[in-house]
Amino acid sequence: MSDDMENFSNELDSIINNLSKLEFSKKEEASHQLLESSARLTSLSNQLLGQIKNN
């Protein structure tokens, strides 16, 4: 696996791990974590699309 793909995989694993730990009883904190995870997923998606275009 290339370094880029390994980094993408690690980032995705980290996002999934963070989402799995959400405590919806703490609404404000959960909302913040969901927004952060959404931003990270968007960034990851854009990076992957860039890699596809460059290859």
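Residues numbered from 1 in each chain as written. Predicted model: local features only at pLDDT ≥ 70, side-chain atom pairs only at ≥ 80, totals over all residues. Heavy atoms only, no water.

A. Representation of the overall build of the chain. Looking only at helices and strands, the chain features two helices and zero strands. Its C-alpha atoms give the chain a radius of gyration of 13 Å, clearly above 10 Å, the size a compact globule of 55 residues would have. Overall, the C-alpha framework of the chain stretches about 45 × 20 × 10 Å when taken along its three principal axes. Sorting the 55 residues of the chain into buried and exposed places 13% on the buried side. Distance between charge centres in the chain, computed from 5 positive and 9 negative side chains, equals 8 Å. (Helix = DSSP H or I, 4+ residues; strand = E, 2+ residues; numbered from the N terminus. Rg over C-alpha atoms; globule rule 2.2 N^0.38 Å. Buried < 20%, exposed > 50% of the residue type's maximum accessible area, 1.4 Å probe, protein only. Lys, Arg positive; Asp, Glu negative; His and termini not counted. Charge placed at Lys NZ, Arg CZ, Asp CG, Glu CD.)

B. Spotlight on the pattern of salt bridges. By the definition in use, this model includes two salt bridges. Of the charged contacts, one joins E11 and R40 as a salt bridge, the two residues approaching to 2.9 Å between their closest N and O atoms. Taken together, the positions of E11 in helix α1 (residues 3–20) and R40 in helix α2 (residues 27–54) put the pair 29 residues apart, joining distant regions of the chain. Given a relative accessible area of 27%, E11 falls into the partly exposed group. Between K26 and E23 there is a salt bridge, with the nearest N and O atoms lying 3.5 Å from each other. Note on K26: relative accessible area 40%, which makes it partly exposed. Take E23: its relative accessible area is 40%, and that puts it in the partly exposed class. (Salt bridge = Lys/Arg side-chain N within 4 Å of Asp/Glu carboxyl O.)

C. Highlighting α2. Counted at 1.5 Å a residue, the expected span for α2 with its 28 residues is 40 Å, and the 40 Å between its end C-alpha atoms agrees. Listing the buried residues of α2 in full gives A30, S37, R40 and L44. Those residues of α2 hidden inside the fold are in contact with α1. (Expected span 1.5 Å × (residues − 1). Contact = heavy atoms within 4.5 Å.)

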